[in-house]
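Structure assessment
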Amino acid sequence: MPEIRVESVSHSFGDGSTRRQVLRDVSVRLAEPRIGIIGANGSGKSTFVRLLNGLVQPDSGTVTIDGRDTVRDGPEVRRRVGFCFTDPDAQIVMPTVAEDIAFGLRRRGLSRAERDERTRRALTAYGLEGHADHPAHLLSGGQKQLLALASVLVTEPDLLVLDEPTTLLDLRNAAMVRRLVDDLPQQVVLVTHHLDLLDGFDRVLVFDDGRIANDGKPTEAVAAYRELAMR
Amino acid sequence: MLKSRDLALIAIFTGIIAALGLIPAFAPFGSAVPITAQSMGIMLAGAILGSKRGALSVLLFLALVAVGLPLLSGGRGGLGVFAGPSVGYLIGFPIAAFLVGLLTERIGRPYKLTLGVMANILGGIIALNAIGIVGMALVLDVSLVKATTIAAAFIPGDLAKAVVTAFVAAGVHAAYPGLIPARAERSAAAAERIAA
Amino acid sequence: MSAPVPLYLPGSSVIHRVGAGPKLLVLLATGIALTIWRSPWQVALALTLVLLGYAVACLPLRVLLRQVRSLAWIALPLFAVQWIFASWQAGVGVVGSFVSLVLLAGLVTLTTRTTAMVDVVVRMAGWLRRFGVDPERVGLMLALGIRSVHVVIGLAEEVREAQYARGLRASPRAFAVPLIVRSLRHADRLGEALAARGVDD
């Protein structure tokens, strides 16, 4: 598993009177296969995971993935870290299903034959083989999120970050995404409000007001989160 | 170099221009003659995204029309429209968006309604019609005077759209700040240029 | 509201199989030729060839008629003006060449896939490289544009439903402001996804 190292990171958005600190001197090392992240809206968890592929660059402190700095070696880090967002519509960038899966492969110097082969395998693996040439906007919500995942996983990242991937899905589709994530060989960092998704996870971080308020096994962390929420 | 966010804004605004043309926005003469809001989309591109991104999103819109998407109001599309009498207007669209954007950036944030209307009229009506009328005269083989008379019929509608565009731009800039530079930032940047 | 389906009509004719590049070249050449030669018989020849093209491509007659109908409102008054102020020959020349060209452009669009046209545009954009424009980027923008049209139309339907639900009458401003603000927020998420997929690297 890759080792994620976050060293005394602080970050804020906006300036002047609208300035808001979202991360306060956060340090943590993560090397477990399954890591969950929970916390209230605005607690800093989305910003935290955006540090992991350099989408957010820390105001101070450093973030490294297997020794690679997310600011200095940004392109290399983004090749190794796949990111799946909440809204599938905003992360499908190509008009048709097969084109979107092939998109991430184009910039990796693969031959056309190799790209086509990998795309075909991904279509089959995620149950989209009947939809290869379909326009992405005609897919259902669940299929769109599957496509978003397929497009990220086809590039074979070492680490997959998921930011609330099931928030817009119904129960059945959420369960499908859960099964898919369970079967992945990669390291996974999952942000979620669906606490039952975290069963069997190795480690769960609870964010509160820009700090890690609890860090432990799922049951313990979820209990701490509930306590924070009731306060 | 355009960053990801610029690319996304340009592409999404192309979608907005298309959507405004597909939806009959208001029908002052009854439902038989709906005036679509598409030409408003051209002014809006400049008034909301600014000069460069606005012009590029209009250019992208025209490219999609050229490769065959029927996105012009009334469901027209394909290369045929570039052989028609309105070709001058199509060529003028990105230029108009650029000018409206340039003037809007001069206004800066917070957006000013009256100045916005003036920017829309200068770029979106006067400059656009100047190019459009020349195109019409060339394609139809009529005099500039005759082409101007034909174009004049659309001016009252265009003026209304210039005003509506300014109101829409004011609403959007209030709800989504940061697309055009604030006046203070701009004068600071100018001061730096002078110092350098 | 009609869905923006591409105007392409699938088929297996010779014209369908000719590459998009050659078809665009023919269109360009015809445009130049018709500005030089526009006597009545020359224009009649051009129009006959274009109509022959529609027959060879096996396009349904109603597709042709729809185009002719949409051209009539401009072609007929134009012909009248030319006849009154110049001669009927001039009228046939101007109107005939204009109609031939628009119908030929329509033929190219109807028989060529959108993706093939996009590829031609990307190849043509190769010469922009010396001005610092990346042709791959041009292709990406065209694809993103096509996708965004569908996304924004989806958002537009949501805005409309929300307005009907609250009983608001649709004024252009009350419609456009929420549509644009929602679309811009969507663009933020799209930009983030593009950056995550390495577009800026």
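Residues numbered from 1 in each chain as written. Chains lettered and ligands numbered in written order. Predicted model: local features only at pLDDT ≥ 70, side-chain atom pairs only at ≥ 80, totals over all residues. Heavy atoms only, no water.

**Details of a nonpolar patch on the surface**
Residues and elements named next belong to chain C. Put simply, the test is: Each patch groups residues whose relative accessible area exceeds 30% and which form no salt bridge, using 9 Å between like charges and 5 Å between nonpolar side chains of Val, Leu, Ile, Met, Phe, Trp and Tyr. Computed by Shrake-Rupley with a 1.4 Å probe, the accessible areas treat only the displayed protein chains as cover when residues are assessed. Criterion for a salt bridge: a side-chain nitrogen of Lys or Arg within 4 Å of a carboxyl oxygen of Asp or Glu. For helices the rule is a DSSP run of H or I covering at least 4 residues; for strands it is a run of E covering at least 2, with both sets numbered from the N terminus onward.
Nonpolar side chains collect at one region of the surface, where Val14, Val18, Trp41, Leu45, Leu49, Leu52 and Val56 lie side by side and expose about 700 Å² of accessible area between them. Among the elements that line the nonpolar patch, the one with the most residues is helix α3 (residues 40–56), at 5 residues. Examined against the element boundaries, leucine 52 turns out to sit in helix α3.

**So, the arrangement of the chains**
Note the following rule: Any pair of residues with heavy atoms lying within 4.5 Å of one another is described as a contacting pair.
Pairwise contact counts over the 2 pairs of chains in contact peak for chains B and C. Structurally, chain A and chain B remain out of contact, their C-alpha atoms never closer than 9 Å.

**Overview of the packing of aromatic side chains**
All names here are of chain C. As a reminder, the rule being used: Any pair of Phe, Tyr and Trp rings, taking the six-membered ring for Trp, is counted once the centres come within 6.5 Å. Such a pair is stacked with planes under 30 degrees apart, edge-to-face with planes over 60 apart, and tilted for the rest. Each residue gets one of three labels from its accessible area relative to the maximum for its type: buried under 20%, exposed over 50%, partly exposed in between, using a 1.4 Å probe on protein chains only. The criterion is that NZ of a Lys, or CZ of an Arg, lies within 6 Å of the ring centre and within 35 degrees of the ring normal, and then a charge sits over that ring.
Counting across every chain of the model gives 4 aromatic pairs over all chains. Judged by centre distance (6.2 Å) and plane angle (85 degrees), the ring pair of tryptophan 127 and phenylalanine 131 falls under edge-to-face. Its relative accessible area of 52% is what places tryptophan 127 among the exposed residues. When its relative accessible area of 60% is taken as the criterion, phenylalanine 131 is described as exposed. The ring of phenylalanine 175 carries arginine 160 above its face, with NZ or CZ at 5.5 Å from the centroid.

**Regarding the domain arrangement of chain C**
Residues and elements named next belong to chain C. Threshold: Boundary definitions for the domains trace back to an automatic or database domain assignment. By buried area we mean the combined loss of accessible area, with a 1.4 Å probe, across both parts when two parts are placed together. Two N or O atoms form a polar contact when they lie within 3.5 Å of each other; inside protein one atom must be a possible hydrogen donor and the other a possible acceptor, and for residues adjacent in sequence the pair counts only when both atoms belong to side chains. The residue classification treats Ala, Val, Leu, Ile, Met, Phe, Trp, Tyr, Cys and Pro as nonpolar and Asp, Glu, Lys and Arg as charged. All others, Gly included, are polar.
Looking at the assigned domains, one finds that chain C contains domain 1 (1–112) and domain 2 (117–201). The gap between the C-alpha centroids of domain 1 and domain 2 is 32 Å. Summing the contributions of domain 1 and of domain 2, the shared interface buries around 550 Å²; its carbon and sulfur component is 88%. For the interface between domain 1 and domain 2, the tally reads 0 salt bridges. The interface formed by domain 1 and domain 2 contains 0 residue pairs in polar contact (both at pLDDT 80 or more). For the side of domain 1 that touches domain 2, the element with the most residues is helix α2 (residues 20–36), which contributes 3 residues. Taken together, the residues that form the side of domain 1 that touches domain 2 break down as 5 nonpolar, 2 polar and no charged.

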